[in-house]
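Geometric and topological summary
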Amino acid sequence: MIFKMGGLGRLLFIGAVSTYIVLVWTQSKGIEFKGGAKDPSIFEHPQDPTVYDKEKAKAQGINYANLTCKAKGRPWVKYKWLKNGNEIQISDKYTIAGGYLVIYNPTYPDDEGLYQCIAFNGKGADVSMPGWFALTHVGEFDKTPRPPVTVTEGRGFKLECGAPDGFPALYYGWYKGHVANRIIPNERRYISHKNGDLYFKHAVVDDAGDYRCFVQNQQETDFAGGLENRSSPVITLTVNRDLNPPIRDREPVITLAPEDITAIEGYLSAELECFDDAYPDSNIRWRRLDKPAREGGVEIAFPSKARFNYHSYALSIPLISQADGGIFECTASNRKGSVSHEARIKVKSAPSPKVSKLTKPLVIGGEETLSCEATGSEPLVYSWYFKEDKIVTDNVKYVVSTDKLIVKNMDLEDKGGYRCIVTNQVGAGTAQVTLKAKGLNIIIPISQQNGMVGSTMTVTLRWEGLPVPTMEWIKQGEVIATRWPDGTVEKTSDRYDVTREGYLIIKDLTPEDGGSYSFRIQNELDSRDTAGTIYVAKQSRIVQGRGPTDVKMEQGGTTTIPCEGQIDSLLESVNTWYVDGRKIDFVKESFNYKRGPKGELVIMNANVMMHDGVYTCALATTADEQTATGTVRIKGVSEAPIGVKFENVGSNTGTLRFTQANTNGDSCKEYVVEAQTEFDDIFFTDRLWTQVWRGSPSSLRNAQGGGKTLRLNNLKPYTEYSFRVMCMNSYGMGEPSWPTERNRTLPGAPPRAPGNLGYGNGMAGDVLMSWEPLQESDWGDETVGYRVRYRRQGTGDRFREVYIDNPEAAAYAHTQPPAPVNVPYECRIAAYNNYSVGPEATWIAYSSSGLPDYPRNLEIIKQTNDSVTMQWEKIPNFNGPIPFWGVRYWREEDRPRAARRNSTREKRAVSFWWDTWLRYIPEEEEKDETGFQYARLYDDGLTKLPGPSDKETYILRGLQPSTLYNFQVRANSHPYFGEYSNITRATTMRTGNPWLIGLKGTWWIPILFWFMVTLLIVLLLIFCCCCCLWCKVRRRRKPKDELFLLAKTNGKARNYEVDVMTDYHKGILKKFRDTIIRYVSPKPVTDHLAESDALPQTIAGQIEQIEDPDSANERLLDILPNRPDFAFDHFCDGVRPEHPWLSDLLEEEEIEMTDDHRSILQSHQEDLAAKVDPHPVINHMTENKYFNPMEEEYFMSISSKEETNNAVIDMLKDRPDPAFYHYLMCLDKQDSDLAAKIGGPDYQQDIKRLQLEMENKALMALPLMMDTRKQRPRMVADGQYDDDDAESWHIDMPMLNNIDDFKMSKTVAVEPAEEKKMSNMVAAEPLEMKIPKIDSVDAVLPPPEIQAAHPFESQSGSTIEVEHGNPIIIEIVGDAKSVRWLYEGVPLPNDELYQQTTEGEDLHSIFISEVTGQNQGCYTCEGTTEYGVVNCDIFIKVREPRTSSIV
């Protein structure tokens, strides 16, 4: 019969027989089957209370309520429910689905009650805690008409709401007359939250009217059935005027007194109300007392959660706890008197039962006491349940005594769970104790265990079973130790002991203790035994002279610490190393440590901070462990000084006290003190600390206790300082000390005078003196002012003196009496504060020449196809400076409206006021109007042309050929523009075509020429198409050994190239990561990578959307290592236009600046900043491509020479090493002694070698530069006018200040790191000639076939935004095997949270069930192909929640 079955039938039959055999064998061996029966255990009880809102359910289309009960157990758990102690029968009203009780069409009050769940199966039963089921409801108002209320003006009263019954608590409101006229509580009236009564502190005539009270359930969001059904009958209020005004004052009388309440811990809030009748209105004050006031109670702190509402008429405590209860006093007071009332808040808590042991062993015939201790408000009622039956005292089997249950005469029928349910007036709690009886079983036998002679050995094993059995250890048939269930141990020798786990302990182990041992366990139900062998080995030891020893070594060196031992031949050993008690991880710390072939420790790249310490070798075997230690002392950088304090502080002096810590084998050669002030920029950590002192230890004074002191001078007054100290020895600079506590210097005179002194133009005869205000760090006090003194130069007159009490003042204008035009004045300025006057600065300012007149007789003297030469008479009787001339021009066909006006009015762009010493005169900006174009003409040698001495001659370029233009000119004398000149017209010349010269009468020659050009283009297109077709066919050609692969994949060849960036290029990007982030502008580089297909367009777009340049660079550098290797070359090409030096560093054409050169610049930075003229250095570095134009502009904008030099040196440290010699070359031209000090005795040879390299490079680049040199335009056209009311005298566009501004306006330029956020310009550089190196080869090999990148790479780097808590599916397409998913480099499990699937070898997906802030980040799909490993990185980001406001 069996052989007639099909294949599936035979498999099922064999499976059934095998299962039966396994079950019989496991039961015969006493092995418990994990899938066996299990008592039910309820883990989710009915909610208490469960509230059903009928109206809300109806609105959602629901006509039933659910009560929840969930339990676990085997076999499947069944449920039944009790209502008020009676079992519920299944009907149209009730249905039980799983653990849910479904109540259809619940009604009040029939379905309200106490519900309880019973979970049961064939093994046992469990009872849930009771839960109260309640329905929301609001009764109807009594419609009996309410009597009218009459009050006298000024008297207090209340209107009673008479609200119906409702659950849960009701919201109360009132309206007067019409429903829209709601009564809003204020300081005179209040609506009680307890019963809805409306209280008035005193009546006014306007209070008269018809009032109605309405109610609403707290769970409802709207009134069901309309407001009329929830409103009381009308209460008519009449207010009689007081016949004896004014209203007399009266002391408060509390009309709504706070009452004692009982609150439930953790539920909603507790609230006390207090309202009084008083005139004038009283103030309400609450106090919390430790006991009643009549008993001498004193005020104590309010609960932190307490809140006061409605002018303190209500005190509420949300989510109240036991600690929030107590006595609260309300006091109402006004000018007439006061009155107080007390109330108590008593907090009750629901029971919280606990059991000391969740499981207890069942002892056949014995007795067990089960305890259930509960906390909560008294009285507590205890109930005990076994299965589904409630236990009562019968003195035979059970004795119930409140929180204890005694089970007597126990047998196997008593095993199972005993549930304790504790209830009180506010809730219920439950706990469960299980009596267990389990068959005996040996889980882990003795097997063979090893011990060491003379040691204490513990023979371990593992067993299970209940009740607790008797345990016996047997050696060679003799019982040597027995442990009884009560814990007593019988043993044949004091060397033996047995633990409660059954472990055998043998002390002072000898070779005779070896041999075979047996272990037996036995109880009332069963018995089991196991046997094993104990092997006693000789004691291990570390060989004398071959163990760890004390070692001293140099920083950066390598040493080996031996650790060889003698062990028993039958044992295996392993050497474990520790440093200062920490275990060394040889995998994670492979750069510092490695294990030798004999277990010795090799220390590499020695560093004081990491390697100095005590090293321990632990020689461990399966029987014992031996240890030996040695000390490693490394000579290296010094440890940080300790106990640094800043004391004896003056206005610009202070004492620094510190103690030097361990110098690590070499004394301090120099100490460096750095300072941090309250004015330092905390967002740039490299600028946070500034060096303020550096010197030898001999400059310090010895202090008591072995410390050092240093007197600091030249500190800034009234400034908070924090200092740290570092020690430098022969091995380098040590770690900085902990910063001192901030300490402020005393106030004093300002330490310096204002800088950036200058002057400006104004009205004729005005003297406008300008300066840069002092920074707050230079005030020396809480505020500062400026003393300005001035007099006409050369007259010897007394100085006029002015005091300006404004720290932000930047200019002063002398107006009366007017000064002669363009006359020099000797000016002096000093800052002062409440303590003294600071140093004074002197400069020369010239009086203003006034508003320039308009140019006369403007004419065009020469035209070309793109330029005109303009000439006009010089402005008479004007001696002021003219920085540039503004030109306004337009084409005749544009005809701007403002240009049609023939007359102009004189107008000055300055505001007058006569009662102030300071006038801000803004330069009038040129405005845009449709049709106009503008340019600025500078006297720079290119735009200005030679001409008559009484006339101005300039050339205007950038015009269109054969176009009629209108021109106007006006002068600029900062800050004013003069009037425009007369309008002059001129037409530019046509552009001639040399091809057509001499072709008149030969019309067929041009036709023949264009025919030949067209034919040539067609032939080229045909040739290109043929080449593309040939390349495509050649690429598709497959070798014969790939035909089988194509057949298996249905002809779809998946021969992808796994091209990833090499580790070498990744290391270069990692090495220069900080430099790239600091300097590179991400947008042009990202555009270049996208254009060269090194970066997908989607990823490039995502990077460019990041506003912060540093963050964009970080994102780009995170993605770039996962791109193909050619992406590195394109990245270098993208960086080169902006920073050629950085591209050279990446491509290793130049080396990084050495640490020696950096330290030289650092150590001499103070001298260099004080002595070097920075501008020649900046120009030289810019010419040699180490600074770009915008960095040059940034340096030029710094006013102080010291600050400019410091900025140049700081930026120079990041440049390649040749930049150091360029800087040395510039320094040699200014101060040869300082250059020799920095460059050393052979610095002249280094400079000559550098000059020779520069000359060779210039000769190589000369031919190319001659071809590529172009004239720079000097005119910028931009903007159009559309203002109808614009006047011709002030219409113009914003003009550039100088030639450098023009270079940055429309041309292709680069940007410095500080201005990355404000520029989107693409960088460019002059072309350089490079001679490639050509290696001779015997034959030219054809290039290898280039294969397409794997699809994983094209999908890598994408970012997906997901709402918080939402699921997401990521699908990756591509042919790969052994695919797995990783999160931040860690493999993910395939579980409910991360469900991973693969369909064939093409589609790989992961389903993330919930995305939160904890699991957002980089998810990697990793697979293998025949060419290697492929990866696809997908970034998941949690989208920030969007908020919206409704107005």
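In short, a report on the structure. (Residues numbered from 1 in each chain as written. Predicted model: local features only at pLDDT ≥ 70, side-chain atom pairs only at ≥ 80, totals over all residues. Heavy atoms only, no water.)

Regarding the overall build of the chain
Helix and strand counts for the chain stand at 22 helices and 93 strands. Across the 1447 residues of the chain, 43% fall into the buried class. A separation of at least 24 residues holds for 67% of the contacts in the chain among residues at least 6 apart in sequence. As displayed, the chain offers around 79300 Å² of accessible surface, 51% of which is attributable to carbon and sulfur atoms. (Helix = DSSP H or I, 4+ residues; strand = E, 2+ residues; numbered from the N terminus. Buried < 20%, exposed > 50% of the residue type's maximum accessible area, 1.4 Å probe, protein only. Contact = heavy atoms within 4.5 Å. Areas by Shrake-Rupley, 256 points an atom, 1.4 Å probe, with all protein chains shown as cover.)

Overview of unusual backbone geometry
Among all residues except glycine, the phi angle is most often negative; among peptide bonds, the trans geometry is most common. Cis geometry is found at the peptide bond from Tyr-279 to Pro-280, where omega equals -5°. Checked against the element boundaries, Pro-280 lands in the loop between strand 24 (275–279) and strand 25 (283–289). Geometrically, the link from Glu-378 to Pro-379 is a cis peptide bond, its omega value of -5° lying close to zero. Within the secondary structure layout, Pro-379 lies in the loop between strand 34 (373–375) and strand 35 (381–386).

Notes on the state of the cysteines
For the coordinates displayed, the defined rule picks out six disulfides. In this model, Cys-563 is linked to Cys-617 through a disulfide, with the two sulfur atoms separated by 1.8 Å. On the sign convention where negative means left-handed, the S-S torsion of about -80° between Cys-563 and Cys-617 marks this disulfide as left-handed. Placement of the pair is Cys-563 in the loop between strand 54 (559–561) and strand 55 (565–566) and Cys-617 in strand 60 (residues 613–621), with a sequence separation of 54 residues. (Disulfide = S-S within 2.5 Å.)

Comments concerning the nonpolar core
Among the nonpolar cores identified, the biggest contains 61 residues, and Ile-1076, Phe-1131, Leu-1168 and Tyr-1223 are the most heavily contacted of them. Here this core takes seven residues from helix 18 (residues 1218–1230), the largest share from any one element. Excluding its chain neighbours within four sequence positions, the residues that come into contact with Ile-1076 are Leu-1069, Asn-1113, Leu-1117, Phe-1131, Leu-1142 and Leu-1146. (Core = buried A, V, L, I, M, F, W, Y, C linked by side-chain atoms within 4.5 Å.)

Topic: the sheet that holds strand 71 (residues 755–760)
Strand order in the open sheet formed by three strands is 71-72-75, and the pairing between neighbours is antiparallel. Each of the sheet's edge strands pairs with one partner strand only, and the pair in question is strand 71 and strand 75 (811–814). Strand-to-strand, the axes of this sheet are offset by a mean angle of 15°, without reference to chain direction. Pairing geometry for strand 71 and strand 72 (residues 767–772), over four bridges, is antiparallel. The residue of strand 72 that forms the bridge with Gly-755 is Glu-772. (Pairing = 2+ DSSP bridges. Axes fitted to C-alpha atoms, helices over the stretch in contact; angles between N-to-C directions.)

Regarding the pairing of strand 79 (residues 867–873)
Most of strand 79 sits inside the fold, with six of its seven residues counted as buried. The sheet contact formed by strand 78 (residues 856–863) and strand 79 spans five bridges and is antiparallel. Bridge assignment links Arg-856 to a residue of strand 79, and that residue is Glu-873. Taking the residues between adjacent antiparallel strands as the criterion, strand 78 and strand 79 are bridged by three residues. In terms of strand pairing, strand 79 meets strand 82 (residues 951–957) through seven bridges, oriented antiparallel. Looking at strand 82, one finds that Met-870 is bridged to Tyr-954.

Topic: the environment of Leu-1069
When you line up the elements, Leu-1069 lands in helix 6 (residues 1063–1071). Note on Leu-1069: relative accessible area 4%, which makes it buried. Taking the C-alpha atoms as reference points, Leu-1069 and Asp-1118, 49 residues apart in sequence, are found 9.9 Å from one another. Setting aside residues up to four positions removed in sequence, Leu-1069 forms contacts with Met-1061, Ile-1076, Leu-1117, Leu-1120, Phe-1128 and Phe-1131.

A look at the packing of aromatic side chains
Tallying each qualifying case throughout the model produces 37 aromatic pairs. Seen from their ring centres, Phe-1187 and Phe-1195 are 5.0 Å apart, and the 55° between their planes marks the pair as tilted. Under the relative-accessibility criterion, Phe-1187 is labelled buried at 2%. You can call Phe-1195 buried: its relative accessible area is 0%. Connected via pairs of aromatic rings, a cluster forms that spans Tyr-190, Tyr-199, Phe-275 and Tyr-313. The positively charged end of Arg-856 is found above the aromatic ring belonging to Tyr-854, 4.5 Å away from the centroid. (Phe/Tyr/Trp six-rings, centres within 6.5 Å; stacked < 30°, edge-to-face > 60°. Lys NZ or Arg CZ within 6 Å of the ring centre and 35° of its normal.)

Focus: the packing of helix 8 (residues 1082–1091) against helix 10 (residues 1109–1119)
Packing of helix 8 against helix 10 leaves a shortest axis separation of 10 Å and a crossing angle of 30°. Taken as axis vectors, helix 8 and helix 10 run roughly parallel relative to one another. Residues Pro-1082, Val-1085, Thr-1086 and Leu-1089 of helix 8 form the contact with helix 10, whose participating residues are Pro-1109, Ala-1112, Asn-1113 and Leu-1116. When its residues are assigned to classes, the contact of helix 8 with helix 10 shows six nonpolar, two polar and no charged. (Parallel < 35°, antiparallel > 145°, perpendicular 65-115°, else oblique. Nonpolar A, V, L, I, M, F, W, Y, C, P; charged D, E, K, R; others polar.)

Digging into a nonpolar patch on the surface
A cluster of nonpolar side chains, namely Trp-1004, Ile-1005, Leu-1008, Phe-1011, Met-1012, Leu-1015, Val-1018, Leu-1019 and Ile-1022, defines an oily patch on the protein surface of about 850 Å² accessible area. Topologically, Leu-1008 is positioned in helix 4 (residues 1004–1036). (Patch = residues over 30% accessible without salt bridge, like charges linked within 9 Å, V, L, I, M, F, W, Y side chains within 5 Å. Salt bridge = Lys/Arg side-chain N within 4 Å of Asp/Glu carboxyl O.)

Some thoughts on the sheet that holds strand 77 (residues 837–846)
Spatially, 74-73-76-77 is the arrangement adopted by the four strands of the open sheet, whose pairing is antiparallel. With partners counted over all chains shown, the strands left at the sheet margins are strand 74 (800–804) and strand 77, one partner each. Neighbour to neighbour, the strand axes of the sheet diverge by 20° on average, direction disregarded. Sheet analysis places strand 76 (residues 824–832) next to strand 77, joined by eight bridges and oriented antiparallel.

Topic: the environment of Asn-972
Here Asn-972 is to be found in strand 83 (residues 964–973). Taking the C-alpha atoms as reference, Asn-972 lies 7.0 Å from Gly-886; in sequence the two are 86 residues apart.

A few points about the pattern of salt bridges
According to the stated counting rule, one finds 51 salt bridges in the structure shown. Salt-bridge contacts for Glu-674 lead to Arg-724; the nearest nitrogen and oxygen are separated by 2.8 Å. Of the two residues, Glu-674 sits in strand 64 (residues 670–677) while Arg-724 sits in strand 68 (residues 720–729), which places them 50 residues apart along the sequence. A residue is classified by how much of its surface remains accessible, and Glu-674, at 14% relative accessible area, is buried. On the accessibility criterion, Arg-724 (18% relative accessible area) is buried. Close ionic contact of Asp-778 with Arg-752 constitutes a salt bridge, the shortest N to O distance being 2.9 Å. Taken as a pair, Asp-778 in the loop between strand 72 and strand 73 (785–792) and Arg-752 in the loop between strand 70 (743–744) and strand 71 lie far apart in primary sequence, 26 residues in all. Asp-778 gets classed as buried once you look at its relative accessible area, which sits at 6%.

Some thoughts on a positive patch on the surface
A cluster of basic residues, Lys-38, Lys-72, Arg-74 and Lys-436, forms a positive patch on the protein surface. Mapping Lys-72 onto the fold places it in strand 4 (residues 70–74). (Lys, Arg positive; Asp, Glu negative; His and termini not counted. Charge placed at Lys NZ, Arg CZ, Asp CG, Glu CD.)

Remarks on helix 11 (residues 1126–1135)
When helix 11 is considered as a whole, its buried residues turn out to be Ala-1127, Phe-1128, Phe-1131, Cys-1132, Gly-1134 and Val-1135. Projected down its long axis, helix 11 shows its buried positions confined to an angular sector of 160°, all on one face. Residues of helix 11 that are buried make contact with helix 6, helix 7 (1073–1079), helix 8, helix 10 and helix 12 (1140–1146). (Arc of directions from axis to C-beta.)

Things to note about the pairing of strand 28 (residues 314–318)
On a regular strand, each side chain points to the face opposite its neighbour's, so the side chains alternate between the two faces of the sheet. Burial runs high along strand 28: four of the five residues are buried. The pairing of strand 23 (residues 269–273) with strand 28 spans five bridges and is antiparallel. Each bridged residue has a counterpart across the sheet, and for Glu-273 the counterpart in strand 28 is Ala-314. Across three bridges, strand 27 (residues 307–309) lies against strand 28 in antiparallel orientation. Among the inter-strand pairings, Phe-308 is bridged to a residue of strand 28, identified as Leu-315.

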